[in-house]
Amino acid sequence: MIINLEEMNINFDLESETPFFQAFNENRVRFDVEHVNKKQLSNIINQLFTNQTKTKCSFLSEYKYPVKFREKTRFGRFFNITNWKEEVHTSNEEYIIVTTENLKNDEIINYCLYIQKGMIEPYIIFYNKQNILYISNDVIDIISSSKDMISNIKLEFKEFIDVFYEILD
């Protein structure tokens, strides 16, 4: 599936690189998940998703082929799901990416903290028309079509940036 961030197109599927590597340096920032606490994570999420009715989430839900396997995301424990759209992807494998909308920031924060603790390893992103937040057990990636948004986040959270793939000014 393709996520449109104004003039940027980010592929979110198993065939493409993670969203971080599809964006230019000035449109992305990466944090080591272990170095971001709840207050900082809350601040970041609240900056990215100011209009919660426009916030979406997409995640890998199920493998269909070659082996049928349902991902353990525990998504329903954290989110009040009012809509659910499945998209089947077929390549060498067949799998389902689920998209849901109208997510509350508190739900996103609590779910990200659950992932941060290493309880689950979903392939998941949260996004709106301008920003993407990708989280795994290792990293928190932010991609934005707004270079100002990324500059502000890099400035505010400078000491937490994972600089392995970053070119800092």
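You'll find the structure just up there.
Reading the values: rules and limits
- Residues numbered from 1 in each chain as written.
- Predicted model: local features only at pLDDT ≥ 70, side-chain atom pairs only at ≥ 80, totals over all residues.
- Heavy atoms only, no water.
- Helix = DSSP H or I, 4+ residues; strand = E, 2+ residues; numbered from the N terminus.
- Rg over C-alpha atoms; globule rule 2.2 N^0.38 Å.
- Buried < 20%, exposed > 50% of the residue type's maximum accessible area, 1.4 Å probe, protein only.
- Contact = heavy atoms within 4.5 Å.
- Areas by Shrake-Rupley, 256 points an atom, 1.4 Å probe, with all protein chains shown as cover.
- Phe/Tyr/Trp six-rings, centres within 6.5 Å; stacked < 30°, edge-to-face > 60°.
- Lys NZ or Arg CZ within 6 Å of the ring centre and 35° of its normal.
- Axes fitted to C-alpha atoms, helices over the stretch in contact; angles between N-to-C directions.
- Parallel < 35°, antiparallel > 145°, perpendicular 65-115°, else oblique.
- Left-handed = near helix turned anticlockwise from the far one by under 90°.
- Nonpolar A, V, L, I, M, F, W, Y, C, P; charged D, E, K, R; others polar.
- Salt bridge = Lys/Arg side-chain N within 4 Å of Asp/Glu carboxyl O.
- Core = buried A, V, L, I, M, F, W, Y, C linked by side-chain atoms within 4.5 Å.
- Polar contact = N/O pair within 3.5 Å; in protein donor to acceptor, adjacent residues only side chain to side chain.
- Pairing = 2+ DSSP bridges.

(A) Fine view of the overall build of the chain. Summing up its helical and strand segments, the chain has four helices and 10 strands in all. Secondary structure elements in the chain, listed N-terminal to C-terminal, are β-β-β-α-β-β-α-β-β-α-β-β-β-α. The globule rule puts the C-alpha radius of gyration for 169 residues at 15 Å, and the 15 Å found for the chain is close to it. Taking all 169 residues of the chain together, 49% fall into the buried category. Considering only contacts in the chain between residues 6 or more positions apart, those separated by 24 or more positions represent 66%. Element-wise, carbon and sulfur atoms account for 48% of the exposed surface of the chain, whose accessible area totals about 9100 Å².

(B) The packing of aromatic side chains, seen in detail. Summed over all chains, the structure comprises 13 aromatic pairs. By the ring-pair criterion, three or more aromatic residues cluster together here, those being F59, F75, F78, F79, W84, Y111, Y114 and F126. One residue, R28, lies across the ring of F20, its end atom 4.1 Å from the ring centre. Just above the ring of F20 sits the side chain of R30; from NZ or CZ to the centre is 4.3 Å.

(C) Seen up close, the packing of helix α1 (residues 38-48) against helix α3 (residues 105-116). It is the contact of α1 with α3, at a shortest axis distance of 10 Å, that shows an interaxial angle of 135 degrees. Put simply, α1 runs oblique to α3. The way α1 lies across α3 gives a crossing that is right-handed. Contact residues: α1 offers K38, L41, S42, I45 and N46, while α3 offers N105, I108, I109, N110, C112 and L113. Partitioned by chemical class, the residues of the contact of α1 with α3 number six nonpolar, four polar and one charged.

(D) Structural detail: the pattern of salt bridges. For the structure on display, the rule yields three salt bridges. For E62, the salt bridge is made with K64, and the minimal N-O distance between the two is 3.8 Å. Via salt bridges that share partners, E62, K64 and K68 belong to a single interconnected network.

(E) Seen up close, unusual backbone geometry. Even without a glycine there, the phi angle at E6 is positive, about 50 degrees. Examined against the element boundaries, E6 turns out to sit in the loop between β1 (2-5) and β2 (8-11). Using a relative accessible area of 53% as the deciding quantity, one classes E6 as exposed. One non-glycine residue, N102, adopts positive backbone phi at about 60 degrees. Tracing the sequence through the fold places N102 in the loop between β7 (94-101) and α3. By relative accessible area, N102 is classed as partly exposed at 37%.

(F) Here's a closer look at the nonpolar core. Core analysis: the biggest nonpolar cluster contains 36 residues, and F31, I124, F126, L133, I135 and I142 have the highest contact counts within it. The biggest single contributor to this core is α3, with seven residues. Contact partners of I124, with chain neighbours within four places excluded, come to F12, C57, S58, F59, F75, Y111, I115, L133, Y134 and I135.

(G) Quick peek at the side chain of E107. With respect to the helices and strands, the residue E107 is situated in helix α3. Side-chain polar atoms of E107 contact the backbone nitrogen of N80, separated by 3.3 Å. Ignoring anything within four residues of it in the chain, the contact list for E107 reads F78, F79 and N80.

(H) Summary view of the pairing of strand β4 (residues 56-65). Judged from the eight bridges that link them, β4 and β7 form a sheet pairing that is antiparallel. From the neighbouring strand, S58 faces β7, where its bridge partner is T99. In terms of strand pairing, β4 meets strand β8 (residues 124-127) through four bridges, oriented antiparallel. Along β8, the bridge assignment pairs K56 with Y127. The antiparallel hairpin formed by β4 and strand β5 (residues 69-70) contains three residues in its connecting segment.

Note that every value here comes from positions in space, so none of it alone points to a role or purpose.
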